[in-house]
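Residues per chain, in single letters:
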2 protein chains.
Amino acid sequence: MPISKKTAILNAAEELFALHGLNGASMRNIATKAEVDVSLITYHFKTKDKLFASVIERRTSVFIREQLFYFEECERRAAPNAPSVEDVVDAYCYVFLKRAIAGDHHWRNFFHLFTRLSNDPGRGAEIMAQYFDPIAMRTIDALQMALPDCDQKDIHWGFQFLSGALSTCLVNTGSVNRLSKGSVDSEDYKKIHQTLVPFVCAGLDELSNKISD
Amino acid sequence: MPISKKTAILNAAEELFALHGLNGASMRNIATKAEVDVSLITYHFKTKDKLFASVIERRTSVFIREQLFYFEECERRAAPNAPSVEDVVDAYCYVFLKRAIAGDHHWRNFFHLFTRLSNDPGRGAEIMAQYFDPIAMRTIDALQMALPDCDQKDIHWGFQFLSGALSTCLVNTGSVNRLSKGSVDSEDYKKIHQTLVPFVCAGLDELSNKISD
DNA sequence: GTCTATATGTTGATAGAC
DNA sequence: GTCTATCAACATATAGAC
């Protein structure tokens, strides 16, 4: 079954918003990429901003549910003890990385867009607050349970570092490939998973162990 | 002495490009913010893209020289031994953070823009390659010296994580403040410095110690 | 160096035929 | 649902007066 034109618009918008940002991608660019007339975008989504919101909503609705499920599962598995730091960090990262590993380029575009939003103080910040704060809160709570002796502020910073480290890996700027002269592949998400999780866990453990001031 | 109109343009452009991106900031917005006529921008910088390049160049010329000086100093201090991971990570971060700590909002705008560029696959990636690859290379080399037993690929990923963790801290999205209900201040760059460096060093040590595959 | 006036294209969005 | 035609607002850039 061929995809609907509405879906084609969403896919094209997702990719172009990810590549060029909200302002950088015009409705005409999107229409061309989707092989659709410009006015059809207005018909389906009314305004550009609402199209943007639809692009976000389409995936977050699926994504957030799954993310929360992973956390529940990881806490249930550890019960009655608190989950380990590894389990929490892994749960947070894996929901992103497993889809990237699977090679789904639609999801990759979305994660790409996610990175853009998470480093944008304008409209991006609003959307992050609306859609991703629940996940962030949940992760921070779980980290606090896993590291009961860690200073709360350090947990917050630790999550920020985790989030930043993960998100740069989700956008394909080509820098890792270039800097490593081709010996490292920026799209080797399996390797990223294997490397990022222990890196972040060691970092968090360090923060937990040091005397806070 | 009041600043020249040319400098006012650069300052305004720096701020608006940081906030809204290359496409999101128009020359009119910039001219208004700089309290200058639009055509004066064309007079001084010829095109919008060249204005953008000038914004980058103005600070990178200073910044890169200083960054490289820090690395030399830190290697000289450790000689004939290799510098420690702490020294290398600190040198990389501190050049950013010391100016942020000093509260210079022009530099903060620039770092803000830096974060945007480092997560942009388009024009941003080009500029990063041109201006920041030398620093990145230098940092990676220094890390390799500090961690001779670490797998080269892990060093590259470690640097990517470091770079991602630092850069999210340089843009003020308000997320840390929101998520911590005000108990953490996203502009407390001194705290970021104190927290990020040990976090990253522990992560790198972990990568160095694990058996690579 | 700085301004006014203007050229030329692109933008997001609408109205109406089919 | 999908297209054609069109709008007013905005974009970058230029020419020329002072």
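Conventions adopted
- Residues numbered from 1 in each chain as written.
- Chains lettered and ligands numbered in written order.
- Predicted model: local features only at pLDDT ≥ 70, side-chain atom pairs only at ≥ 80, totals over all residues.
- Helix = DSSP H or I, 4+ residues; strand = E, 2+ residues; numbered from the N terminus.
- Buried ≥ 20, exposed ≤ 12 C-beta atoms within 10 Å, placed from the backbone.
- Contact = placed C-beta atoms within 7 Å.
- Nonpolar A, V, L, I, M, F, W, Y, C, P; charged D, E, K, R; others polar.
- Least-squares fit on C-alpha atoms with pLDDT ≥ 70 in both.
- Near = placed C-beta within 6 Å.
- Axes fitted to C-alpha atoms, helices over the stretch in contact; angles between N-to-C directions.
- Parallel < 35°, antiparallel > 145°, perpendicular 65-115°, else oblique.
- Left-handed = near helix turned anticlockwise from the far one by under 90°.

Per the secondary structure count, chain A includes 10 helices and zero strands. Summarising its shape, the C-alpha atoms of chain A cover approximately 60 × 40 × 40 Å along the three principal directions. Burial status across chain A gives 47% buried among its 213 residues. Sequence separation of at least 24 residues holds for 65% of the intrachain contacts in chain A that already meet a minimum separation of 6.

Right, let's get into the interface of chain A and chain B. Across the contact, 55 residues belong to chain A and 55 residues belong to chain B. If you tally residues by element for the side of chain A that touches chain B, the top one is helix 8 (residues 152-169) of chain A, at 14 residues. Taken together, the residues of the side of chain A that touches chain B sort by class into 23 nonpolar, 23 polar and nine charged.

Turning our attention to the relation of the copies chain A and chain B. Superposing chain A onto chain B takes a rotation of 180° combined with a translation of 0.0 Å along the rotation axis, leaving an RMSD of 0.0 Å. A rotation of that kind, with that shift, is consistent with a two-fold axis.

Take the protein's contact with DNA strand C next. Neighbouring residues of DNA strand C: 14 residues in total, closest Ser-26, Thr-42, Thr-47 and Lys-48 of chain A together with Asp-37 of chain B. Elements with a contribution of two residues or more to the surface near DNA strand C: helix 2 (27-34) and helix 3 (38-45) of chain A together with helix 3 (38-45) of chain B. A breakdown of the residues in the surface near DNA strand C according to their chemical character gives five nonpolar, five polar and four charged.

Right, let's talk about the protein's contact with DNA strand D for a bit. Neighbouring DNA strand D are 15 residues; Asp-37 of chain A together with Ser-26, Met-27, Thr-42 and Thr-47 of chain B lie closest to it. For the surface near DNA strand D, the elements supplying multiple residues, two or more each, are helix 3 of chain A together with helix 2 (27-34) and helix 3 of chain B. For the surface near DNA strand D, a count of residues per class yields five nonpolar, six polar and four charged.

Residue and element names in this part refer to chain A. Two elements in contact, helix 7 (residues 123-146) and helix 8, have axes separated by 10 Å at closest approach and are oriented at 130°. Comparing the axis directions of helix 7 and helix 8 gives the class oblique. In the crossing of helix 7 with helix 8, the sense of the turn from one axis to the other is right-handed. Contacts from Ala-136, Thr-139, Ile-140, Leu-143 and Gln-144 in helix 7 reach Gln-152, Ile-155, His-156, Gly-158 and Phe-159 in helix 8. Here the residues of the contact of helix 7 with helix 8 sort into five nonpolar, five polar and no charged.

Residues and elements named next belong to chain A. Here the amide bond leading from Ala-79 into Pro-80 is cis, since omega sits at 5°, within 30 degrees of zero. Within the fold, Pro-80 resides in the loop between helix 4 (48-78) and helix 5 (85-101). Positive phi values are uncommon outside glycine, yet Glu-35 reaches one of about 55°. Relative to the helices and strands, Glu-35 is located in the loop between helix 2 and helix 3. Classification of Glu-35 by C-beta neighbours within 10 Å gives exposed; the count is 10.

The description of two helices packed together rests on the angle between their axes and the distance between the axes. All names here are of chain A. Relative orientation of the contacting elements helix 6 (residues 105-118) and helix 8 amounts to 135°, with a least axis distance of 9 Å. Classified by the angle between their axes, helix 6 and helix 8 sit oblique to one another. In the packing of helix 6 onto helix 8, the handedness of the crossing is left-handed. Counted together, Phe-114, Thr-115 and Ser-118 of helix 6 and Ser-163, Ser-167 and Thr-168 of helix 8 form the full contact between these two elements. Broken down by class, the residue content of the contact of helix 6 with helix 8 amounts to one nonpolar, five polar and no charged.

A separate point is the environment of Arg-116 of chain B. Along the polypeptide, Arg-116 of chain B turns up in helix 6 (residues 105-118). Residues Arg-116 of chain B and Ala-18 of chain B, spaced 98 residues apart in sequence, show a C-alpha to C-alpha distance of 7.1 Å. If sequence neighbours within four positions are ignored, Arg-116 of chain B has contacts with Asn-119 of chain A together with Ala-18, Gly-21 and Gly-124 of chain B.

Here we come to the environment of Asn-119 of chain A. You can see Asn-119 of chain A is positioned in the loop between helix 6 and helix 7. When the C-alpha positions of Asn-119 of chain A and Val-38 of chain A are compared, they lie 29 Å apart, and in sequence the two are 81 residues distant.

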